[in-house]
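Listed below, chain by chain, are the residues.
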Amino acid sequence: LRRYDAAIANYDRAIALQPAFAEPHKGRGDALQRQCRYEEAVSAYDQAIALNPGLGGAWNNRGVALQNLRRLEAADESFRRAVDLEPSEAGPRVNQALLYLLQEDFSRGWPALAWVQEMPEGRDGRPHRQPVWTGKEDISGKTLFAYLRKGLGAAIQFYRYAVLARERGARVVVSLNDPRLPLLRNAG
């Protein structure tokens, strides 16, 4: 419901009742992060990790908070720990890949991001039975399906590539989970 202050108050009550239980500390960090209170979020994740060093989600979310604080080396270390703890989880790998791309370390970033696409569900949780287009294959006369789950900003950034694919002769189908989709319907 995005009632983060209420969530934090509830996590605080849970922590008061069972201070050695790691999950409420992690949840508190998540709520703080949603409010862009990254330093406090890192502190909450650190408390969760101190109580349960095997809590991969806390390491991953700590990495996100650290990245938002521009503490990139520490963020990378948190993502590494999350990947080590939960090697089949896509979230930490995606976050680490995006961190590498942010640092313009493309030799590590792109392969790390490609790993997620190799998973049966892909990043978006939808099965991908068709091959992924890498940009090298001829797509003239073929259909390119793009599923964008991140909203209008990502769609606007992506859409220019959809136009380029159409110029290469592809029929482009874009699926966007955003009510503002009609803005793009007649673009390009």
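This structure is a prediction, so every number in the text was calculated from the model and none was measured.

Novice: Would you mind going over the pattern of salt bridges with me for this structure?
Specialist: When charged atoms on two side chains of opposite charge get close, those side chains can pair. In the structure shown here, the tally under the stated rule is eight salt bridges. A salt bridge links K26 to D30, with the shortest nitrogen-to-oxygen separation between them at 2.5 Å. Note that K26 and D30 are positioned in helix α2 (residues 22–34) at a spacing of four residues, about one turn of the helix. E40 is the salt-bridge partner of R37, the closest N and O atoms lying 2.8 Å from each other. Among the ionic contacts, a cluster of salt bridges with common partners joins D76, E77 and R80.

Novice: How should α2 be read in this particular structure?
Specialist: For the α-helix, the turn length of 3.6 residues means that residues three or four positions removed from each other point alike. In this model α2 runs 19 Å from its N-terminal to its C-terminal C-alpha over 13 residues, within 8% of the 18 Å that 1.5 Å per residue would give. Every buried residue belonging to α2 is among A22, P24, H25, K26, G27, G29, A31, L32 and Q33, and all of these are buried. After α2 finishes, the residue C36 shows a positive phi value of roughly 65 degrees.

Novice: Even after reading the chapter, I still don't get the packing of α2 against helix α4 (residues 56–68), so can you show me in this structure?
Specialist: Between two packed helices, what matters for the description is the angle formed by their axes and the separation of those axes. Closest axis-to-axis distance for the α2/α4 pair is 10 Å, and the angle between their directions is 25 degrees. The orientation of α2 with respect to α4, classified from their angle, is roughly parallel. Here the hand of the crossing between α2 and α4 comes out left-handed. Taking contact as the criterion, the partners of K26, D30 and Q33 in α2 are, on α4, G57, A58, N61, V64, A65 and N68. Its residues placed into classes, the contact of α2 with α4 shows three nonpolar, four polar and two charged.

Procedures and definitions
- Residues numbered from 1 in each chain as written.
- Predicted model: local features only at pLDDT ≥ 70, side-chain atom pairs only at ≥ 80, totals over all residues.
- Heavy atoms only, no water.
- Salt bridge = Lys/Arg side-chain N within 4 Å of Asp/Glu carboxyl O.
- Helix = DSSP H or I, 4+ residues; strand = E, 2+ residues; numbered from the N terminus.
- Expected span 1.5 Å × (residues − 1).
- Buried < 20%, exposed > 50% of the residue type's maximum accessible area, 1.4 Å probe, protein only.
- Axes fitted to C-alpha atoms, helices over the stretch in contact; angles between N-to-C directions.
- Parallel < 35°, antiparallel > 145°, perpendicular 65-115°, else oblique.
- Left-handed = near helix turned anticlockwise from the far one by under 90°.
- Contact = heavy atoms within 4.5 Å.
- Nonpolar A, V, L, I, M, F, W, Y, C, P; charged D, E, K, R; others polar.

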